[in-house]
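Structure assessment
Residues per chain are reported as follows:
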Amino acid sequence: MAILRHPHDREILRLAVPAFGALVAEPLFLLADSAIVGHLGTTAQAGLSVAGQALTTIVGVCIFLAYGTTAAVARQMGAGHLKDAVRQGIDGIWLALAIAAGLIVLGLPLVPWIVEAFGASATVTPAAETYLRISLFGIPGMLVVLAGTGVLRGMQDTRTPLYVSVGSFTLNLALNVLFVLGLGWGIAGSAWGTVIAQTAGGAVYVGVVLRGARRHGAPLWPDGEGVRAAATAGVALIIRTVTLQAVLVAATAVAAHQGTSPLAAYGVGSRIWLFLAYALDAIAIAGQAITGRYLGASDPRGARGATRRMVVWGIGGGIAFGLVILGTRPWLPDLFTHDPAVRNLLLSSLILIAVMQPIAGVVFVLDGVLIGAGDMHYLALAGTATMAVFLPAAWLVYGLGGGLVALWLSIGLWMTARLVTLGVRARSGRWLVTGAVRG
């Protein structure tokens, strides 16, 4: 691959490199928590696995606050409508706060039920409930971060999200060390560290977006019609996201029924997987912003050309990450556990995680491109279809007593199904709809 010689390379890297730093900081929150909580023992580690997946699911369903906003703002940018672009972002932040309030009110009394739904054992349940109950108070900050990030990405700014993410991660790590290892607060200290760090990140985004509103003359108060439009437009994207989260939840539940050691190993492996997914998703973020801008400027040829190049970058990135995992595999488990059983299970899992990375690279790029094009209805249908492929496979793993390797193989089947559905759509060209607003 002739690096930086292709016409789209500099544009892709300008957006993807800062996005990479911002994206990997997000799973690093849980990876840092996992490394520190690992010193508390396998039970605490397994409790974090359940609570972390529950929290990731709750917040992940709201990812439309970032993705939908990125696509809409990028189209307005391509059409030259800066004031309208910022206004959509402000409505997104108000919507984020409203959703967060509802999640806290509904979530707190449901914490025991949520943990039980994951199939956690009686020994793991107290730690999982403690972490999840405290972490719910960080949801307002998390959702505001999503909405604010979407505004800036749509305006072709991925540097500011990088700075905020690095600062939040650094604060989270420092607070976790202080609360867990210094003050001895246990798993509750890890949860409080994350809440404080996420809330601080959300506050920074509010300040940045407010400055942009003043600069472009956009009103600060929520527009009822605009908030409703943002919520309505996100329905299809929510369905797409729910199908993804359903797969991850089902996988965690299957691991939980295999026992404490497999659950702990799956928890670490899934966070490594998530870390790599966010890293590869940097190109997808560039895809959202670039595709939206090209289509907003009525340039479908430019959008298709950029897509082809980003797929090449996705494959290359996936191969590189896979080789890194294989190269560090003998030492990687020691960062998270001292339990021999967990370590051996994790060693086997890492081989499959590494092999799946090139497929993941293409899947994430095409997913980002179609989001940037506003092709949400197809993504909802494709997500439902691929979930229908995964769930029977996961059920067989559960019913036949398959181990952790079998579970990861079922995840590989799901990723292959995603590759097929997204690849067919990308080749069809039916996603190339131009204009400041997708008709």
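Everything below is about the structure shown above.
Residues numbered from 1 in each chain as written. Predicted model: local features only at pLDDT ≥ 70, side-chain atom pairs only at ≥ 80, totals over all residues. Heavy atoms only, no water.

1. Concerning the pattern of salt bridges
- Using the criterion set out here, one finds 5 salt bridges in the structure.
- Residue aspartate 367 is joined to arginine 240 by a salt bridge in which the shortest nitrogen-to-oxygen separation is 2.3 Å. On the criterion of sequence distance, the pair formed by aspartate 367 in helix H14 (residues 357-372) and arginine 240 in helix H10 (residues 235-257) is long-range, its members being 127 residues apart.
- Judged by its relative accessible area of 6%, arginine 240 falls in the buried class.
- Residue aspartate 334 is joined to arginine 343 by a salt bridge in which the shortest nitrogen-to-oxygen separation is 3.0 Å.
- Here aspartate 334 falls in the partly exposed class, since its relative accessible area comes to 40%.
- The class of arginine 343 is partly exposed, set by a relative accessible area of 24%.
- Bridged by salt links that share partners, the residues Arg240, Asp367 and Arg418 form one connected network. (Salt bridge = Lys/Arg side-chain N within 4 Å of Asp/Glu carboxyl O. Helix = DSSP H or I, 4+ residues; strand = E, 2+ residues; numbered from the N terminus. Buried < 20%, exposed > 50% of the residue type's maximum accessible area, 1.4 Å probe, protein only.)

2. Some thoughts on the packing of aromatic side chains
- Applying the stated criterion to the full structure yields 5 aromatic pairs.
- On the basis of an interplanar angle of 15° and a centroid distance of 4.6 Å, the ring pair of phenylalanine 179 and tryptophan 185 is categorised as stacked.
- For phenylalanine 179, a relative accessible area of 10% gives the class buried.
- The aromatic ring of tyrosine 294 is capped on one face by arginine 293, whose charged end is 5.2 Å from the ring centroid. (Phe/Tyr/Trp six-rings, centres within 6.5 Å; stacked < 30°, edge-to-face > 60°. Lys NZ or Arg CZ within 6 Å of the ring centre and 35° of its normal.)

3. Considering the packing of helix H15 (residues 376-399) against helix H16 (residues 404-428)
- Where H15 meets H16, the closest approach of the two axes is 9 Å, and the angle between their N-to-C directions is 160°. As the angle between them shows, H15 and H16 are arranged roughly antiparallel. The interaxial crossing formed by H15 with H16 has right-handed handedness. Only Ala406, Leu407, Ser410, Ile411, Leu413, Trp414, Ala417, Arg418, Thr421, Leu422 and Arg425 of H16 make contact with H15, whose side of the interface consists of Tyr378, Leu379, Ala382, Thr386, Met387, Val389, Phe390, Ala393, Ala394 and Val397. (Axes fitted to C-alpha atoms, helices over the stretch in contact; angles between N-to-C directions. Parallel < 35°, antiparallel > 145°, perpendicular 65-115°, else oblique. Left-handed = near helix turned anticlockwise from the far one by under 90°. Contact = heavy atoms within 4.5 Å.)

4. A look at the nonpolar core
- Among the nonpolar cores identified, the biggest contains 124 residues, and Leu65, Leu143, Ile272 and Trp408 are the most heavily contacted of them.
- At 18 residues, the largest contribution of residues to this core is made by helix H11 (residues 260-296).
- Excluding residues within four positions of it along the chain, isoleucine 272 makes contact with Leu31, Ile325, Leu332, Phe336 and Leu350. (Core = buried A, V, L, I, M, F, W, Y, C linked by side-chain atoms within 4.5 Å.)

5. Observations regarding the side chain of threonine 69
- By the element assignment, threonine 69 lies in helix H3 (residues 64-79).
- Residues within four places of threonine 69 in sequence aside, it is in contact with Phe64, Gly89, Ala147, Gly150 and Val151.

6. Details of the packing of H10 against H15
- Closest axis-to-axis distance for the H10/H15 pair is 7 Å, and the angle between their directions is 10°. By the angle between their directions, the pair H10 and H15 is classed as roughly parallel. Where H10 abuts H15, its residues Ala236, Leu237, Ile239, Arg240, Thr243, Ala246, Val247, Ala250, Ala251, Val254 and His257 lie against Met376, His377, Leu379, Ala380, Gly383, Thr384, Met387, Phe390, Leu391, Ala394, Val397 and Tyr398.
- Looking at side-chain class alone, the contact of H10 with H15 contains 17 nonpolar, 5 polar and 1 charged residues. (Nonpolar A, V, L, I, M, F, W, Y, C, P; charged D, E, K, R; others polar.)

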